[in-house]
Amino acid sequence: MRIETDAPKTVRGAGLLVVLQGLVGVVFAVALLIRALSGAETISNLYGQAAYFVVLGGAVLGCGVALFLGKRGVRGPITVIQILLLGVAWYAIGPSDRPGYGIPVAAVSVLVLSLLFNVKARVWAEDRAGLDEDPD
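Quick word on the nonpolar core
V11, A14, L67, I78, V112 and L116 are the most contacted members of the largest nonpolar core, which totals 17 residues. Elements that contribute at least two residues to this core include exactly helix 1 (9-37), helix 2 (43-68), helix 3 (75-93), helix 4 (99-116) and helix 5 (119-126). Residues within four places of L67 in sequence aside, it is in contact with V11, A14, G15, V74, I78, L116 and W124.

Quick look at the structure:
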């Protein structure tokens, strides 16, 4: 199957990374559901957390798919998601003393942001193809 889009490869690569981030969120939600069904903790808390991560993971997954397909409108939400994830990574590295979790999250977030804000991606996002032509 061939996907027709004018998005640069860097943008599509960023879309794939965001899809992976969304999948991690959904998989984490499934793990929480399995834990709740096994009776490990207070069940209502785990069901609520699982629902929360399904919504967030699904939204991130949807944004990643849309970016991979070349939809310009999701660049802003993905930027916000990556900045928020950088905050999560900082907290994991510093106060939580979990650099094994924080460093990979930070690295992927910085990579996605760099892929979204290089020259080709910015030109694509601004849709300047043909603006230099005289309309007459």
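Next comes the rest of the write-up.
Quick look at the packing of helix 1 against helix 4
Running from N to C, helix 1 and helix 4 cross one another at 150°; their axes reach a closest spacing of 8 Å. One finds that helix 1 runs roughly antiparallel with respect to helix 4. Crossing hand, helix 1 versus helix 4: left-handed. Residues T10, V11, G13, A14, L17, V18 and Q21 of helix 1 touch helix 4, and the partners they reach there are V108, S109, L111, V112, L115 and L116. Looking at the contact of helix 1 with helix 4 residue by residue, the classes come out as nine nonpolar, four polar and no charged.

Some thoughts on the packing of helix 3 against helix 4
Direction vectors running N to C along helix 3 and helix 4 enclose 155°, while the axes themselves pass 8 Å from each other. With respect to helix 4, the axis of helix 3 lies roughly antiparallel. Crossing of helix 3 over helix 4 shows left-handed handedness. Taking contact as the criterion, the partners of R75, I78, T79, Q82, L85, L86, A89, A92 and I93 in helix 3 are, on helix 4, P99, G102, I103, V105, A106, V108, S109, V110, V112, L113 and L116. Of the residues in the contact of helix 3 with helix 4, the class split is 15 nonpolar, four polar and one charged.

Concerning the side chain of Q21
As for its placement among the helices and strands, Q21 is situated in helix 1. Residue contacts for Q21: discarding those within four places in its chain leaves V60, Q82, L85, V108 and S109.

Reading the values: the criteria
- Residues numbered from 1 in each chain as written.
- Predicted model: local features only at pLDDT ≥ 70, side-chain atom pairs only at ≥ 80, totals over all residues.
- Heavy atoms only, no water.
- Core = buried A, V, L, I, M, F, W, Y, C linked by side-chain atoms within 4.5 Å.
- Buried < 20%, exposed > 50% of the residue type's maximum accessible area, 1.4 Å probe, protein only.
- Helix = DSSP H or I, 4+ residues; strand = E, 2+ residues; numbered from the N terminus.
- Contact = heavy atoms within 4.5 Å.
- Axes fitted to C-alpha atoms, helices over the stretch in contact; angles between N-to-C directions.
- Parallel < 35°, antiparallel > 145°, perpendicular 65-115°, else oblique.
- Left-handed = near helix turned anticlockwise from the far one by under 90°.
- Nonpolar A, V, L, I, M, F, W, Y, C, P; charged D, E, K, R; others polar.

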